[in-house]
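# An overview of the molecular structure
Chain by chain, the residues:
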Amino acid sequence: MSQKILLDKINIPGIKTYEVYRQNGGYASVEKALKTLTPDEVTEEVKTSGLRGRGGAGFPAGMKWSFIDKKSGKPRHLVCNADESEPGTFKDRFLMEYIPHLLIEGMITSSYALGANLSYIYIRGEYMWVFKILERAIAEAKAAGWLGKNILGTGYDLELHVHCGAGAYICGEETALIESLEGKRGNPRIKPPFPAVSGLWANPTVVNNVETIATVPWIINNSGEDYAKIGIGRSTGTKLISASGHIKNPGVYEIELGLSVDEFMNSDEYLGGMSSSRPLKAFVPGGSSVPILPAELIFKTANGEDRLMTYESLSDGGFATGSMLGSGGFIVYNDTACVVRNTWNFARFYHHESCGQCTPCREGTGWLEKILWRIENGQGREEDIELLWSIQSKIEGNTICPLGDAASWPVAAAIRHFRDEFEYHVRFPEKIKNRDHFVAEPFSQVKHLVGGKVII
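Residues numbered from 1 in each chain as written. Predicted model: local features only at pLDDT ≥ 70, side-chain atom pairs only at ≥ 80, totals over all residues. Heavy atoms only, no water.

## Quick look at the sheet that holds strand β4 (residues 156-164)
The line we're drawing: Should DSSP find at least two bridges between two strands, the strands are regarded as paired. Where helices and strands are cited, they refer to DSSP runs of H or I of at least four residues and of E of at least two residues respectively, numbered from the N terminus. A fitted line through C-alpha atoms represents every axis, and for helices the fit uses only the stretch in contact; the resulting angles, taken between N-to-C directions, go from 0 to 180 degrees. It only takes one pair of heavy atoms within 4.5 Å for two residues to be counted as in contact.
Strand order in the open sheet formed by 5 strands is β3-β4-β2-β1-β5, with mixed pairing between adjacent strands. Here the strands that pair on one side only, and so sit at the sheet edges, are β3 (148-151) and β5 (205-209). Going from strand to strand, the sheet's axes swing by 25 degrees on average, the running direction of each strand aside. Running at roughly 95 degrees to β5, helix α9 (residues 210-221) makes contact with β1 (77-82) and β5 of the sheet.

Laid out in structure tokens, this is it:
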């Protein structure tokens, strides 16, 4: 059984409430930080821990904190990115819904480290019931003296607010989030300047993910050194994984980084294997924006090494044979799944969510969606596959924010690893008219029609 840092108290009855949370050690990190540590010492503990951003990018949190401008004399802010909108990812919602005070405790301790006296939790518009849970928890914390003026008599002041977005995926990008928080349209900003220098209202700002901030209390209560002992290499600590798809036990799991993909997939402690006798076909390890991998690259890297649940192992081989840990949205597909349809579904999402600011993304995501729809609906042309490859390559790296990359990578990986499936759709349109075309006749049984080896 792996160590639990975030979910160890999740099943305690009443843990949502302040009284029960406090009785079980809640807000101890705030007390320790404000009474015994300087802000810089808190930052150093987080740096020592090796904690990396859990929103997808994996940038070291302590290093990000150290970039904040402390010399300008301007007010500083901490903003929690709770705009969890990546398809396949739902772990932040789970934390906020069932143990909201853990996030609030992390916000107070982290705000103290940054010298922030006004901080925000920006939550996606579709999480309205979670918004209300957070509002109630903040009111409880303030009534108990953990927020407001002169917290614990230390002279430190902090006001914390929850701001509800309007359902835009693009606002998960930190500068678009800041624009939205300021009351503007959520368009990403050109960087530099970075938020650590000029963020919310042109003040120094740090934006961190829910899971990242919720991890800070454990680090302060124990130590950064103890946290760094968990995990492997530069992938320290634990990670929340949102698991879905054709598996026996979907849900949110906290794993120690370094666990093998094989054990995570097949052990009864975690996903319990495939949900039926249908064989594994592919998986997406980090949410819809990361490359899909075929079965032969899931448990082993291209070099024959065990594939591990770490930032480094999942990306081993680059995009040619690897993927990314991303936000931890772990989606599993058996052989009844259609990769073309899945890729079209992802492309449809990114087209809908593009803010339209950058031409390659605004136009390119629409083209990707239309061409993939054409192929999936029996109207594809031989040249469409190369056209898809050309379009995605012209979007990637040519936009202000990573949404263009997020739209390109799934398409590129699907063609790279499942090109024969695209060719089958083009050459045999009559066989894919039923949307469940691979349920009765999985692609592994018909791939010989496009030159592949039949697998029964």
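## Examining the packing of aromatic side chains
Basically, it comes down to this: Whether two aromatic rings pair depends on their centres lying within 6.5 Å, for rings of Phe, Tyr and Trp, where Trp uses its six-membered ring; planes under 30 degrees apart make the pair stacked, over 60 edge-to-face, and the rest tilted. Categorising residues by exposure relies on relative accessible area from a 1.4 Å probe, with only protein chains included: less than 20% of the type maximum marks a residue as buried, more than 50% marks it as exposed, and the intermediate range marks it as partly exposed.
Scanning all chains against the criterion turns up 22 aromatic pairs. Taken together, a centroid distance of 5.5 Å and an interplanar angle of 85 degrees make the contact between Y21 and Y27 edge-to-face. By relative accessible area, Y21 is classed as buried at 4%. Y27 sits in the buried class, given a relative accessible area of 0%. Look at Y27 and W146: their rings are 5.0 Å apart centre to centre, the planes differ by 20 degrees, and that puts the pair in the stacked class. Placement of Y27 in the loop between α1 (18-23) and α2 (28-36) and of W146 in the loop between α7 (128-143) and β3 is noted, with a sequence separation of 119 residues between them. No difference in accessibility class separates Y27 from W146, as the two residues are buried.

## Brief notes about the sheet that holds strand β10 (residues 280-284)
Spatial ordering of the open sheet is given by β9-β8-β12-β10-β11, a layout of 5 strands whose pairing is mixed. The strands lining the two open edges of the sheet, one partner per strand, are β9 (251-256) and β11 (293-294). As judged from the 4 bridges shared by β10 and strand β12 (residues 329-334), these two strands associate in the antiparallel manner. Following the sheet pairing, V284 is matched in β12 by I331. Sheet strands touched by helix α5 (residues 91-98): β8 (238-245) and β9. Its angle to β8, the strand with the most contacts, is close to 110 degrees.

## Concerning the side chain of E421
With respect to the secondary-structure elements, E421 resides in helix α17 (residues 403-427). With near-sequence residues (within four places) excluded, E421 lies in contact with K281, A337, C338, V339, V340, F438 and F443.

By themselves, these figures tell us nothing about what the structure is for.
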